[in-house]
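# Architecture at a glance
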Amino acid sequence: MATKISIKELDSQFAKIRGLDLVIGKIVEAGEEWSEPVGPTPYPDITALRSWDQRLLARYPPFYSPLSDFCEFCTYGKCDLTAGKQGACGIDMATHQGKWSLLTCVMGAAAHATHAHHIVEYLIKKYGEDHPIDVGSEIGVEAPLIRLIAGIKPKKLGDLKEVLTYLDNQVTQLTSATATGQEQAPVDYESKALHAGMLDNLALEVADIAQISALGLPKGNSDTPLVEIGMGAIDKSKPVVLCIGHNVAPGSEVINYLEDKGVYGSVEVAGICCTAHDLTRYSKNAKIVGPISRQLMFVRSGIADILIIDQECVRADVVDEARSVGTRIIATSDQVCAGLPDLTEKTPDEIVKALLTDTPAVLVRNPVKVGEVAARAAIEAAPQRKSEKGLKDEQVLANTSRCSLCRECTENCPINLDIGYAVNAAKKSNLEPLQKIFLECIGCGRCDEACPQSIPVLSTINAAASAKIREEKFTIRVGRGPIRDTEIRNVGRPIVMGEIPGVIAFAGCSNYPGGNEDLAKMADEFAKRRYIIVASGCAASDLARYRDENGQTLYEKYPGDFDAGCIVNTGSCVSNAHPIGAVIKIASIFAKRNLRGNFEEISDYILNRIGAVAIVWGSQHQKAMAIATGANRLGIPVILGPQGVKHRRAYLGRSEDDEKWSVLNARDGKKVYGGPAPEHLLYVAETIEETMVMAARLVMRPNDTAKGRMIKLSNYINLHKQLYGTMPDDVQRFVRAETDIPITMKEDVIPVLEERGWKPIEIPDPTLLDRMVLRRE
């Protein structure tokens, strides 16, 4: 970070100076000036945006459902916090829950910030600090989050180091606030949680623009290639290197080594979770095996000769599981050492020898060395492992003979699948119930641990469905990375005016009931209705694992443009920065708002004018919550799927409380009713019906034109009737004038409005910020 001092003219007894720019902390080169003025909050500290957070939290107060009645954070505990009681330190239940919110978000932010550190350090070491940031020829706003939050315009990899330093500092500050005796108000814990979410989003962008620039990943191309996804895509007759996690560096080095030796085509390089996305962005010949939920199944199949684990989303038992099927393991990250011996300083020859003889699981914290070692070890190990690869159906299914139908597996299933009945049916040679379970199973393995008969229940489920698993092969469009400025120019106006009904981003993990089909059906329905659909991470993978009635996957069915009726795959989890960045770019490119250190104004613009909603149908862990909370601070509502209730916190508005929905009319400064739009910031839905109707409701904004609101209302009412068979009971809250009512629905809607005493309201030029008022009357 640097401080700039400009002296236009100085005439003193010591010196006469004209036109001097002095920058403390960083040398500014000629031609490096950025003419955009610096906004009020470059590099905001943990309280700089507190007033904005308080505005949001006043409208969308946190709703908590505590996991426990007790606080056990210190040695005074455990303290009963029920019925208004306070703990020994004076903490009450709301404050305790606020602390949990902050802890959850700061853990997620720390994970992504560390990831960003690792990839940037690796790329700088390999390509140098001066390697240019280049995310595409049609992309002038290369880093909307960095510009908005940090207030800098990064031009080379080295420029990202100061952003990482800022992230380190802020994550430390936030973590310190969770210590006993520090923060003490729920609203300030939540403000800090929102800050952690913002940092998380910033870290995502740092990581992805660095790897796009240096590794040559797709730069916003809409027509990236379709590649294979699924276990059936893997040719197990070849040596297989399987990568699990989020850091593409080790996997990309495996590909580099194989290409250098001219043997890439004879070895399968595949991945699970976000590393898989980034491997296919790096090389279209890499394979995506599947999302995080299939991790245990794939590892137990023994199909991998070498398993590389990097960081994030790695199961804690993956080393033992891999060892049990003869797969060698290389851990590669400081964050996941897995109790393994550190052979980083050994030569590749020594590490390969160790892996193939007496040390089948090692830690090697050097991506280049991992690339060579993994490739060589896989090639050498594969011939001896041929008989160990694949699912052992008969052997596994024989275990069902021990089932006593105690239903411990059912009771421990986090999504309430009737596993006990299905396993017992398999005992009687009826595999059909287990095959149905497979389609909905999230692969956690809790059923294994619960079984008193030591039946490997998850493996049994997989064995019953082995024919389907072996054939699983779909297509997914390679993650394209950022949204081009040219696309923003095309869709900015219709999005802000409401004529494109909204941007719906699917993100998160794959721990949802009903399998991936529900997720795909939602995306398909909204794409048909000409919303812009964006997906990333495991959600993007799961969208690919569904075919419609014509046998097409969604990526085959819809174009990959950022436009109405299209489905965009941005890439891995760090590519979540791009749909968020696209929304920011609408404010910058279409509305000409300055981004530089101008967080409040841009968030106010997004909250009041841009109909964007994120659906996190599966949200397993802290990172998903951090991403969602960062979106919330920018004014983007998020709907969590059924598992999201276990985060035990939501930001809910009360549509009937008119005072909460007042905004300033920027045209005259008057405080007016803007309507409950968006009604919630963080909402948990139980079903896809509830999710779809809520998404159609949450894209409404006070700024919608009459035509735009008409289109949005048409979708909202139509979906409600289609899925529930009735007119929404709150339709009167979203009709501001008769011109908002869809023409074909007037006969149905007007009587409802009359019955409910509806009155028209003024359509404001809405803002929550006093300084955005243009003039006052």
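Residues numbered from 1 in each chain as written. Predicted model: local features only at pLDDT ≥ 70, side-chain atom pairs only at ≥ 80, totals over all residues. Heavy atoms only, no water.

This next bit is on unusual backbone geometry. Cis geometry marks the peptide bond from glycine 77 to lysine 78; its omega dihedral reads 10 degrees. Position of lysine 78 among the secondary structure elements: in the loop between β4 (70-71) and β5 (79-80). The backbone phi angle of serine 454 is positive, close to 55 degrees, even though this residue is not glycine. Assignment of secondary structure puts serine 454 in the loop between α16 (446-450) and α17 (457-464). (Helix = DSSP H or I, 4+ residues; strand = E, 2+ residues; numbered from the N terminus.)

Moving on: the pairing of strand β14 (residues 503-508). Here β14 lies mainly inside the structure; five of its six residues are buried. Here β14 runs beside strand β15 (residues 532-536); their pairing, made up of four bridges, is parallel. Each bridged residue has a counterpart across the sheet, and for valine 503 the counterpart in β15 is isoleucine 532. Sheet topology note: the β14/strand β17 (residues 612-618) ladder contains six bridges and is parallel. Within the sheet, the bridge partner assigned to alanine 505 lies in β17 and is alanine 614. (Buried < 20%, exposed > 50% of the residue type's maximum accessible area, 1.4 Å probe, protein only. Pairing = 2+ DSSP bridges.)

Evaluated as defined, the whole model comprises 50 salt bridges. Its salt-bridge partner being glutamate 138, residue arginine 484 comes within 3.0 Å of it at the nearest N-O pair. Within this pair, whereas arginine 484 is found in the loop between β13 (474-477) and α19 (485-497), its partner glutamate 138 is found in the loop between α2 (93-127) and α3 (144-149), the two being separated by 346 residues in sequence. The class for glutamate 138 is partly exposed, based on a relative accessible area of 37%. (Salt bridge = Lys/Arg side-chain N within 4 Å of Asp/Glu carboxyl O.)

Right, let's talk about the pairing of β15 for a bit. Burial analysis of β15 places five of its five residues in the buried class, the great majority of the element. Relative to strand β16 (residues 567-571), β15 runs parallel, the two sharing four bridges. By the bridge assignment for β16, alanine 535 is matched with asparagine 569.

It is worth spelling out the sheet that holds strand β19 (residues 649-652) at this point. The strand order across the open sheet formed by eight strands is β3-β19-β22-β18-β17-β14-β15-β16, and the pairing between neighbours is mixed. Each having just a single partner strand, β3 (62-64) and β16 make up the two edges of the open sheet. Between one strand axis and the next, the sheet turns through 25 degrees on average, direction left out of account. Contacting β3 and β19, helix α5 (residues 186-215) runs over the sheet at an angle of about 95 degrees to β19. Where helix α21 (residues 537-544) meets the sheet, it contacts β14, β15 and β16, and its direction lies at approximately 110 degrees from that of β15. (Axes fitted to C-alpha atoms, helices over the stretch in contact; angles between N-to-C directions. Contact = heavy atoms within 4.5 Å.)

What the three strands build is an open sheet, ordered β21-β20-β23; its pairing is antiparallel. Since the sheet does not close on itself, it has two edges, and those belong to β21 (671-673) and β23 (766-767), each with one partner. Bridge analysis of strand β20 (residues 662-665) against β23 gives two bridges, and the strand direction is antiparallel. The residue bridging leucine 664 from the neighbouring strand is threonine 767, located in β23.

Let us now look at the environment of aspartate 208. Mapped onto the secondary structure, aspartate 208 falls in helix α5. It is 9.0 Å that separates the C-alpha atoms of aspartate 208 and histidine 578, two residues lying 370 residues apart in sequence. For aspartate 208, the residues in contact, after removing those within four places along its chain, are Arg281, Val574, Ser575 and His578. A polar atom in the side chain of aspartate 208 sits 3.1 Å from the side chain of arginine 281. (Polar contact = N/O pair within 3.5 Å; in protein donor to acceptor, adjacent residues only side chain to side chain.)

Ranked by size, the top nonpolar core spans 194 residues in total, and within it Ile146, Ile309, Ile419 and Phe562 carry the most contacts. Contact partners of isoleucine 309, with chain neighbours within four places excluded, come to Ile244, Val314, Val318, Val319, Ile329, Ile330, Ala331, Thr332 and Val336. By size, the runner-up hydrophobic cluster in this structure holds 58 residues, among which are Phe506, Tyr555, Phe734 and Val735. (Core = buried A, V, L, I, M, F, W, Y, C linked by side-chain atoms within 4.5 Å.)

By secondary structure assignment, the location of threonine 629 is in helix α25 (residues 622-633). Of note is the side chain of threonine 629, whose polar atom sits 3.3 Å from the side chain of arginine 649. Residue contacts for threonine 629: discarding those within four places in its chain leaves Cys105, Ala193, Leu194, Gly197, Arg649 and Tyr651.

Attention now goes to the side chain of aspartate 730. As for its position among the elements, aspartate 730 is in the loop between α27 (706-724) and α28 (746-755). The exposure class of aspartate 730 is buried, given its relative accessible area of 7%. Polar side-chain contacts of aspartate 730 include one of 2.9 Å to the side chain of arginine 697. The contacts of aspartate 730, once residues within four sequence positions are left out, are Glu679, Arg697, Tyr716 and Arg756.

The next point concerns the environment of glycine 537. Inspection of the secondary structure puts glycine 537 in helix α21. Each C-alpha atom of the pair glycine 537 and cysteine 337 lies 24 Å from the other, and the pair is 200 residues apart in sequence. Dropping the residues within four chain positions of it, glycine 537 is found in contact with Cys274, His277, Gly571, Ser572 and Cys573.

Before going further, it helps to spend a moment on the packing of aromatic side chains. Applying the stated criterion across every chain yields a total of five aromatic pairs. Cation over ring: lysine 78 sits above phenylalanine 70, and NZ or CZ is 4.9 Å from the ring centre. For lysine 99, the ring lying beneath its charged end belongs to phenylalanine 73, and the centroid distance is 4.7 Å. (Phe/Tyr/Trp six-rings, centres within 6.5 Å; stacked < 30°, edge-to-face > 60°. Lys NZ or Arg CZ within 6 Å of the ring centre and 35° of its normal.)

Next up on the list: the layout of surface pockets. Within this model, the largest pocket holds a volume of roughly 870 Å³. Lining the largest pocket are 36 residues, with Gln620, His621, Gln622, Lys646 and His647 sitting closest to its centre. Mapped onto the lining of the largest pocket, the elements with two or more residues apiece are β4, α2, α8 (295-300) and α25. If you tally residues by element for the lining of the largest pocket, the top one is α2, at six residues. Residue classes in the lining of the largest pocket are distributed as 14 nonpolar, 16 polar and six charged. (1 Å grid on protein atoms, 1.4 Å probe; cavity = no way out; pocket = protein on both sides within 12 Å on 5 of 7 lines; lining within 4 Å. Points joined across faces, edges and corners; volume = space filled by probe spheres on them. Nonpolar A, V, L, I, M, F, W, Y, C, P; charged D, E, K, R; others polar.)

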